[in-house]
Amino acid sequence: MYNQKVLDAFANPQNVGEIENPDGEGTVGNATCGDIMKITLRIENDVIVDAKFQTFGCAAAIATSSTATQMIIGMTVEDALKVTNAKVVEALEGLPPQKIHCSVLAEEAIKKAIEDYRAKKQNIKTDKSKIEYV
Ligand code: FES
């Protein structure tokens, strides 16, 4: 079902965990399967210097979170917003069609974490405990 690249990313995920006092964080869930993903970011001068994820989800969700966090480290927040689930799937050389929706969690969690970062910069309070279902 999964290609070797996806299996490797799942078996040896990178950037698992949570950044303490992150500059941005986002938690999203999939309403159908109930899986949840949280991404925390360390951002300096609008550049993502660290990204970590925690995923309560399937192999595809774990593989795509790992790959997505690897892709955005070193990017400006502007560029990270352009990392779509399709790009993450491409980096993993494909996912089974029924697993494409799992890759959407990573894209949406990154977007939410960047929104949180931008809100914090403007001193706008956000409700981080809220899970946004995508
Ligand atoms: Fe829920 Fe993959 S089945 S994210």
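Rules used in this analysis
Residues numbered from 1 in each chain as written. Predicted model: local features only at pLDDT ≥ 70, side-chain atom pairs only at ≥ 80, totals over all residues. Heavy atoms only, no water. Pairing = 2+ DSSP bridges. Helix = DSSP H or I, 4+ residues; strand = E, 2+ residues; numbered from the N terminus. Contact = heavy atoms within 4.5 Å. Axes fitted to C-alpha atoms, helices over the stretch in contact; angles between N-to-C directions. Salt bridge = Lys/Arg side-chain N within 4 Å of Asp/Glu carboxyl O. Buried < 20%, exposed > 50% of the residue type's maximum accessible area, 1.4 Å probe, protein only. Expected span 1.5 Å × (residues − 1).

Trainee: Quick one: what's the story with the sheet that holds strand S3 (residues 47-56), residue by residue and with numbers?
Mentor: Spatial strand order, S3-S2-S1-S4: four strands in an open sheet with mixed pairing. With one partner strand each, in any of the chains shown, S3 and strand S4 (132-133) form the two edges of the open sheet. Bridging between strand S2 (residues 36-44) and S3 involves nine bridges; their strand directions are antiparallel. Bridging from a neighbouring strand, Thr-40 pairs with Lys-52 of S3. Taken strand by strand, helix H2 (residues 59-72) contacts S2 and S3, and its axis lies near 175° from that of S3. Packed on one face of the sheet, helix H5 (residues 100-121) meets strand S1 (24-29), S2, S3 and S4 and runs near 145° to S1.

Trainee: Could you give an account of the environment of Ile-124, with specific residues and numbers?
Mentor: If you trace the backbone, Ile-124 turns up in the loop between H5 and S4. For the pair Ile-124 and Gly-34, spaced 90 residues apart in sequence, the C-alpha separation works out to 29 Å.

Trainee: Please provide a residue-by-residue account of the pattern of salt bridges, values included.
Mentor: Following the criterion strictly, the structure yields nine salt bridges and no others. Close ionic contact of Glu-78 with Arg-118 constitutes a salt bridge, the shortest N to O distance being 2.8 Å. One end of the pair, Glu-78, is in helix H3 (residues 77-80); the other, Arg-118, is in helix H5, and 40 residues separate them in sequence. Judged by its relative accessible area of 42%, Glu-78 is partly exposed. Between Lys-111 and Glu-107 there is a salt bridge, with its nearest N and O atoms 2.5 Å apart. In this pair, Lys-111 and Glu-107 are both assigned in helix H5, four residues apart and thus about one turn of the helix distant.

Trainee: Any details on H2? Residues and values, ideally.
Mentor: Between its first and last C-alpha, H2 extends 20 Å over 14 residues, near the 20 Å set by a 1.5 Å rise per residue. Where burial is concerned, most of H2 is hidden: 12 out of the 14 residues are buried. Ala-59, Ala-60, Ala-61, Ile-62, Ala-63, Thr-64, Ser-65, Ser-66, Thr-67, Ala-68, Thr-69 and Ile-72 are the residues of H2 that are buried. On its buried face, H2 sits against helix H1 (4-11), S2, S3, H3, helix H4 (85-91) and H5. Of the residues flanking the end of H2, it is Gly-74, one or two places downstream, whose phi is positive at about 100°.

Trainee: Outline the pairing of S1, supporting the account with residue identities and numerical values.
Mentor: Across the six residues that make up S1, a large majority, six, are buried. Along S1, one buried face is formed by Gly-24, Gly-26 and Val-28 and the opposite face, lined by Glu-25, Thr-27 and Gly-29, is buried too. Relative to S2, S1 is paired through six bridges, and the arrangement is antiparallel. Bridged to Thr-27 within S2 is Lys-38.

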